[in-house]
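Survey of secondary and tertiary structure
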Amino acid sequence: MFQIEINKTYLDGQIIFEEGSSGDGVYVVQSGKVEISRKVGGEKMVIEILPPGEIFGELGCISKATRSATARALGATTIGMIDRTFIDQEWNKLSPSFKEILASLATRLSKTSEYLNWSRKDSRVPKVLSLTFKTKESLIKAYTENASGGGIFIKTPEPLAKGERLFIGLNLPEVPEPIKIEGEVAWSRPASDDVEGRPLGMGIQFIHISRPDYQKLKESMKH
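Keep in mind it's a predicted model, so treat the numbers as computed, not measured.

Some words on the overall build of the protein chain
- Helix and strand content of the protein chain: four helices and 13 strands.
- Buried residues in the protein chain amount to 35% of all 223 residues.
- A total of about 13,400 Å² of accessible surface is found on the protein chain, and carbon and sulfur atoms cover 53% of it.

Examining the packing of aromatic side chains
- Counted by the stated rule, this structure contains four aromatic pairs.
- With a centroid separation of 5.8 Å and an interplanar angle of 35°, the aromatic rings of Phe-17 and Tyr-27 are classed as tilted. On the criterion of sequence distance, the pair formed by Phe-17 in strand E2 (residues 15-17) and Tyr-27 in strand E3 (residues 27-40) is long-range, its members being 10 residues apart.
- Using a relative accessible area of 12% as the deciding quantity, one classes Tyr-27 as buried.
- Here the aromatic rings of Phe-17 and Phe-56 are separated by 5.8 Å at their centres, their planes lie at 40°, and the arrangement is tilted. Of this pair, Phe-17 sits in strand E2 while Phe-56 sits in strand E5 (residues 55-56), placing them 39 residues apart in sequence. Exposure class is identical for Phe-17 and Phe-56. Each is buried.

Considering helix H4 (residues 211-220)
- What H4 keeps buried is the set Asp-213, Leu-217 and Ser-220. The buried residues of H4 occupy one face: seen down the axis, they fall within an arc of 65°. Away from its buried face by more than 90 degrees, H4 exposes Arg-211 and Pro-212.
- The inward-facing, buried residues of H4 contact strand E11 (165-170), strand E12 (179-189) and strand E13 (201-209).

Overview of the nonpolar core
- The biggest cluster of nonpolar side chains holds 21 residues, and the ones touching the most others in it are Phe-133, Ile-154, Leu-166, Ile-168 and Leu-170.
- Looking at this core element by element, the count peaks at four residues for E13.
- If you look at the next biggest cluster of nonpolar residues, it comprises 13 residues, including Leu-50, Ala-69, Ala-73 and Ile-79.

Quick notes on the environment of Ser-148
- Among the secondary structure elements, Ser-148 is positioned in the loop between strand E9 (139-147) and strand E10 (151-155).
- Judged by its relative accessible area of 4%, Ser-148 falls in the buried class.
- In this structure the C-alpha to C-alpha distance between Ser-148 and Lys-127, which are 21 residues apart in sequence, comes to 9.1 Å.

What to know about the pairing of E12
- Inspection of the sheet shows E11 paired to E12 by six bridges, in the antiparallel sense. Residue pairing in the sheet places Gly-169 in a bridge with Lys-180 of E12.

What to know about unusual backbone geometry
- Residue Glu-174 is not a glycine yet carries a positive backbone phi of 65°.
- Take Glu-174: it is sitting in the loop between E11 and E12.
- Residue classification places Glu-174 among the exposed positions, given a relative accessible area of 86%.

Remarks on the side chain of Arg-67
- Following the sequence through the fold, Arg-67 ends up in the loop between helix H1 (58-63) and strand E6 (70-82).
- Polar side-chain contacts of Arg-67 include one of 3.2 Å to the backbone oxygen of Gly-57.

What to know about the environment of Lys-136
- Along the polypeptide, Lys-136 turns up in the loop between strand E8 (130-134) and E9.
- The exposed category is assigned to Lys-136, whose relative accessible area is 84%.

Observations regarding the side chain of Ser-220
- If you trace the backbone, Ser-220 turns up in helix H4.
- Look past the residues within four positions of Ser-220 in its chain and what remains in contact with it is Lys-127, Leu-172 and Pro-173.

Digging into the pattern of salt bridges
- In total, this model carries six salt bridges according to the counting rule given.
- Close ionic contact of Glu-19 with Arg-38 constitutes a salt bridge, the shortest N to O distance being 3.5 Å. Pair noted here: Glu-19 is in the loop between E2 and E3 and Arg-38 is in strand E3, with a separation of 19 residues, a long-range link.
- With a relative accessible area of 28%, Glu-19 lands in the partly exposed category.
- Here Glu-184 ties to Arg-165 by a salt bridge, and the two come within 2.8 Å at their closest N and O atoms. Of this pair, Glu-184 sits in strand E12 while Arg-165 sits in strand E11, placing them 19 residues apart in sequence.
- If you follow the salt bridges from partner to partner, you end up with Arg-165, Glu-182 and Glu-184 in one network.

Rules behind the numbers
- Residues numbered from 1 in each chain as written.
- Predicted model: local features only at pLDDT ≥ 70, side-chain atom pairs only at ≥ 80, totals over all residues.
- Heavy atoms only, no water.
- Helix = DSSP H or I, 4+ residues; strand = E, 2+ residues; numbered from the N terminus.
- Buried < 20%, exposed > 50% of the residue type's maximum accessible area, 1.4 Å probe, protein only.
- Areas by Shrake-Rupley, 256 points an atom, 1.4 Å probe, with all protein chains shown as cover.
- Phe/Tyr/Trp six-rings, centres within 6.5 Å; stacked < 30°, edge-to-face > 60°.
- Arc of directions from axis to C-beta.
- Contact = heavy atoms within 4.5 Å.
- Core = buried A, V, L, I, M, F, W, Y, C linked by side-chain atoms within 4.5 Å.
- Pairing = 2+ DSSP bridges.
- Polar contact = N/O pair within 3.5 Å; in protein donor to acceptor, adjacent residues only side chain to side chain.
- Salt bridge = Lys/Arg side-chain N within 4 Å of Asp/Glu carboxyl O.

As structure tokens, then:
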């Protein structure tokens, strides 16, 4: 089990660290919750909510890169910083080759995250399109709220859970047949206190879309 160097309590809304800041600390949520978010097109996009027991800040520690997201306390939250000496001791037990593999993986994950968020920032537009999506159990009709070249938001009162795969038939204006997309639920909103401003639904990240269908989607978003 890892060792905790220091515990610190944060008030609701208090920033633990900001996107773009330096730092190589690794943290664990002791109590409360932590919101992880990024700025996309000038707007905050919540990536996930971390409950007690979750570790964060590890990518910066391994890759020595700047923080790729902002961490903020939700409610009174206690955060433990994992002891740096403990981390160094465990790191030094690894072979040089395995250290290189982990560092390369951390850097690649960071770059992939930046690319996906850049793609969304560059091309996301409000777009209402009809669609059907197929799960293991049924075929469901729904609508998009917005779309980009890398994903869509599906407005539905019964969103799927994060991580679930689905097959989508998306109807585009002046395109006779639905384009076919394989996607994965990146985040889900099954409840909301503002269904107009924050409707129920799920954000879908595209896993596979053919080049012709991708071009049709990009062309449709221009109009």
